[in-house]
Amino acid sequence: MAVLAESGSNPDVGLLYDINGLAKDAPHWFDRVMEFVGEYGLLAAMVLLVLWCWWSVRRRGGEDAASSVAALVWAPLAAGLAVLVNVPIRGFVERPRPFVDHRGLDVLVSGKTDFSFVSDHATITMALGVGLFVAHRRFGLAGIGLALLEGFCRVYMGVHYPTDVVGGFALGTAVALLLSPLAMALLTPLTKALERSPRAGRLIRARTSPDEQDNPLLPGTREPAKSEKDLAA
């Protein structure tokens, strides 16, 4: 990997210079904005998007509320697991940061001394985005869009090669999707049990569905028998 990075004919390096070159032509204030967005802003936006999705699912209610919340719980768990999987990958590949091997880059964030492949930021945001997609298509598409923007920012900032970002996208997607059936099988019974709780159930469902409002009886209970008219009256 390091040999490829040192090759001037490597398209990965060429794309790095093309995207990072935009930072040299941009105003100073815009680079500072990109630095904040790429380092912290998009991660915070992903967390807010997950919370927004949970609030929407909770308010909507319905029979699939418990499974949707289970998928939302899996999204940050998948992101954390993907980062753990990345630890041995980074140690095995040992790819230096782009600015170590290539001069002339406009590095917006200093102090990056760890290895470059794969990008943790790209891994986390894509795992969250794909996890959101499992729970809710519309929110998931928004999350994947934010993840793609995160990947662009990491290259723009000069701290990752494009292939570092692509590798992070692949890792986050693989963990979120491949382990999703097992995670849902474990988490859905827990969220359904939580849904039945009088107090904690509000974390799953804020209000009852129209059918439940028409028939407030719990499943499995019998409707009280109507009182018979007093024929003698």
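Note that the structure is predicted; figures quoted are calculated from it, not measured.

What counts, and where the lines are drawn
Here the residue numbers are simple positions, counted from 1 along each chain's written sequence. Confidence filtering applies because this is a predicted model: local features only for residues at pLDDT of at least 70, side-chain atom pairs given and counted only at 80 or more, and all residues used for totals across whole chains, interfaces and linings. Only hydrogens and water are set aside when side-chain values are computed; all heavy atoms of the structure are taken into account. For salt bridges, the criterion is a side-chain nitrogen of Lys or Arg within 4 Å of an Asp or Glu carboxyl oxygen. Numbering of helices and strands runs from the N terminus, with a helix taken as a DSSP run of H or I at least four residues long and a strand as a DSSP run of E at least two residues long. The buried label applies to any residue whose accessible area, calculated with a 1.4 Å probe on protein chains only, is under 20% of its type's maximum; exposed applies above 50%, and partly exposed to all values in between. Only the six-membered ring of Trp is used, alongside the rings of Phe and Tyr, when aromatic pairs are assigned; centres must lie within 6.5 Å, and planes under 30 degrees apart are stacked while those over 60 apart are edge-to-face, with the rest tilted. Only when the NZ of Lys or the CZ of Arg is both within 6 Å of the ring centre and within 35 degrees of the ring normal is a charge said to sit over the ring.

### Side note on the pattern of salt bridges
Side chains that differ in sign of charge can pair as their charged atoms come close. Enumeration over the complete set of coordinates arrives at 8 salt bridges. Note that Arg95 and Asp164 form a salt bridge whose closest N and O atoms lie 2.8 Å from each other. You can see Arg95 sitting in the loop between helix H4 (65–93) and helix H5 (98–101) and its partner Asp164 sitting in helix H8 (residues 162–178), a full 69 residues away along the chain. Here Arg95 matches Asp164 in class, with each residue buried. Residues joined by salt bridges that share partners form a network here, namely Arg90, Arg97, Asp114 and Asp120.

### Here's the deal with the packing of aromatic side chains
Counted under the stated rule, the structure contains 6 aromatic pairs. An aromatic cluster is defined as three or more aromatic residues linked by ring pairs; in this entry it consists of Trp29, Phe30, Phe152 and Tyr156. The ring of Tyr161 has Arg95 lying over it, and the distance from NZ or CZ to the ring centre is 3.7 Å. When the ring centre of Phe133 is taken as origin, the NZ or CZ atom of Arg137, which lies over that ring, is 4.7 Å away.

By themselves these figures say nothing about function.
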